[in-house]
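Working through the structure, step by step
Residue strings, one per chain:
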Amino acid sequence: MTEALQTHYKINPASNETGYKSYEAGSFKFTRDEYFVSIVWPKGAHTMAADGFMRAMMRTVAWGFFYGTLSYDPVFGTTNHYGIVDMFAGTYHPVFKENGRDHLEKFKAEDLLELFRDLVDDWTNEGYDPFAAPGEDDAGQPWGRKNGNNADAVTRIRVTANRMVGLPGDAEIRTDANGFPQNRMFADVSSDQPLVEAEPGFEDEVAAFNLYDYLSRSDVTWNPSVCSVVKESLFCPTSEEFILPVEHGNDRCEWFVQLSDEITWEVKDKDTGNPRCRIVMRAGDVACMPADIRHQGYSPKRSMLLVWENASPRIPDMIQSGEAPVIAVQF
Ligand code: PHB
Ligand code: FE
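Every value quoted in this text rests on a predicted model; they were computed, and no experiment measured them. (Residues numbered from 1 in each chain as written. Chains lettered and ligands numbered in written order. Predicted model: local features only at pLDDT ≥ 70, side-chain atom pairs only at ≥ 80, totals over all residues. Heavy atoms only, no water.)

**Here we look at the overall build of the chain**
Summing up its helical and strand segments, the chain has 6 helices and 17 strands in all. Here the C-alpha atoms of the chain give a radius of gyration of 21 Å, agreeing with the 20 Å that 2.2 N^0.38 yields for 331 residues. A principal-axis box enclosing the C-alpha atoms of the chain has dimensions of 70 × 50 × 35 Å. Going through the 331 residues of the chain one by one, you find that 46% of them count as buried. Nonlocal contacts in the chain, meaning residues at least 24 apart in sequence, comprise 61% of its contacts between residues at least 6 apart. Across the chain, 31 positive and 51 negative side-chain charges occur, with their mean positions spaced 6 Å apart. (Helix = DSSP H or I, 4+ residues; strand = E, 2+ residues; numbered from the N terminus. Rg over C-alpha atoms; globule rule 2.2 N^0.38 Å. Buried < 20%, exposed > 50% of the residue type's maximum accessible area, 1.4 Å probe, protein only. Contact = heavy atoms within 4.5 Å. Lys, Arg positive; Asp, Glu negative; His and termini not counted. Charge placed at Lys NZ, Arg CZ, Asp CG, Glu CD.)

Following this line, the structure appears as structure tokens:
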């Protein structure tokens, strides 16, 4: 394990007939061909299908490494230390570890993100949208030789409200006004706005909006947006279809409120990946994911999920030291 901060980053021009650039970060090397992505490190190598890799890399970039660990599969991933990030291969895979094939390097998060942004741009072909579920009409295909780009899809940024949604000057993200059509699977969701009856004189200070309508118009999957902030408590609703592109190993407890439809969660031990349990969450179900697991969701039809995070920067250390428990409730 190399603990020093890596400073080697290199973007190589396309060197084979498939036309994709290749990338180096520390001693990790990334190449892609028509179907696969190869990751090579000093004592090992790993191959992933390009679709799963691109969906995971898109989230890594969009979320700025998120909380804790993003495992692309049982072998490869990143762990966020907020400013510094680990990139690893085999570190949380018992067989790679036992055989000395595991590898972990540390990077300045912003520098690694910059390289990954270039990779996402180059490895996304025209018409392919790594934020989409593969069954959507406009999802496109990740396969084949290098063929154009899809900058609009991979550089999406969330619309930011200037104040509570619904109030004058909110940045026009009221669901009826933002121009996003309802997803095909949410055609039955009402777009009525709540009726607000403010006392005279308070019309500019009281507002409400229909969160179901808002979520029914999300044009991305598995991409939580921060919809309310109360101190360090963040409500991050999201619309889900197909598979969460990463196994998320959080560094804190995390609550899920299933707002509609159904998601099955595979829960595994954070360090070994050994199965812990399987949870089927239906509309109205609430679960707290412990801080010592990784989880991956499967949503057979588009569903709405509220992810509730405590963003306090103190929590990872409190959990590491045992000051805070790995589960939120003891029954
Ligand atoms: C999670 O890892 O908890 C997570 C990430 C993205 C989502 C939903 C859940 O869209
Ligand atoms: Fe999570």
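**Side note on empty space enclosed by the protein**
Over the atoms, a rolled probe matching the size of one water molecule traces out where space is still vacant. For the coordinates displayed, the defined rule picks out 1 cavity of 30 Å³ or more. Roughly 120 Å³ of internal volume is contained in the largest cavity. The wall of the largest cavity is formed by 16 residues, among which Trp63, Phe66, Pro224, Leu244 and Val307 lie closest to the centre. Counting residues per element, the ones that place at least two in the lining of the largest cavity are strand E11 (233-243), strand E13 (254-258) and strand E17 (293-310). Per element, the largest residue contribution to the lining of the largest cavity is 3 residues, and it comes from E17. For the lining of the largest cavity, the residue count by class is 10 nonpolar, 4 polar and 2 charged. (1 Å grid on protein atoms, 1.4 Å probe; cavity = no way out; pocket = protein on both sides within 12 Å on 5 of 7 lines; lining within 4 Å. Points joined across faces, edges and corners; volume = space filled by probe spheres on them. Nonpolar A, V, L, I, M, F, W, Y, C, P; charged D, E, K, R; others polar.)

**Some details on the coordination of the iron ion (ligand 2)**
Four donors placed tetrahedrally around a metal ideally meet at 109.5 degrees, and six donors placed octahedrally ideally meet at 90 or 180 degrees. Protein coordination at the iron ion (ligand 2) comes from His248 (ND1), Glu254 (OE), Glu254 (OE) and His295 (NE2), with a distance range of 2.0 to 2.7 Å. Classification of the site at the iron ion (ligand 2) rests on its 6 donor atoms, whose angles at the metal span 51 to 155 degrees, yielding the label irregular. Between the donor residues of the iron ion (ligand 2), the gaps in sequence give the motif H-x5-E-x40-H. (Donors = N, O, S within 2.8 Å, 3.2 Å for Na, K, Ca; no water. Tetrahedral: all angles 85-135°; square planar, octahedral: opposite > 155°, others 65-115°.)

**So, the domain arrangement of the chain**
For the chain, the assigned domains are domain 1 (2-152) and domain 2 (159-219 + 221-321). A straight line from the C-alpha centre of domain 1 to that of domain 2 covers 25 Å. Contacts between the two partners involve 24 residues from domain 1, matched on the other side by 28 residues from domain 2. Interface area, domain 1 with domain 2, both sides summed: about 2000 Å², of which 53% is carbon and sulfur. Here domain 1 is connected to domain 2 by 2 salt bridges. With a shortest N-O distance of 4.0 Å, Arg184 and Glu136 are connected by a salt bridge. In this structure, the connection of domain 1 to domain 2 is made through 13 residue pairs in polar contact (both at pLDDT 80 or more). (Domains from an automatic or database assignment. Buried area = accessible area lost by both parts, 1.4 Å probe. Salt bridge = Lys/Arg side-chain N within 4 Å of Asp/Glu carboxyl O. Polar contact = N/O pair within 3.5 Å; in protein donor to acceptor, adjacent residues only side chain to side chain.)

**Describing the pairing of strand E8 (residues 84-89)**
Of all 6 residues that make up E8, 5 are buried, and the element is covered over most of its length. Pairing of strand E7 (residues 76-80) with E8 involves 5 bridges; the strand directions are antiparallel. Note that in E8 the partner of Asn80 across the bridge is Val85. Here E7 folds back onto E8, and the loop between the two strands holds 3 residues, one of which, Tyr82, carries a positive phi near 60 degrees. (Pairing = 2+ DSSP bridges.)

**Points about helix H1 (residues 50-62)**
Compared with the 18 Å implied by 1.5 Å per residue over 13 residues, the 18 Å span of H1 between its first and last C-alpha is a close match. Along H1, the residues that are buried comprise Ala50, Gly52, Phe53, Met54, Arg55, Ala56, Met57, Met58, Arg59, Thr60 and Val61. Among the residues trailing H1, Gly64 stands out with phi positive, at a value near 55 degrees. (Expected span 1.5 Å × (residues − 1).)

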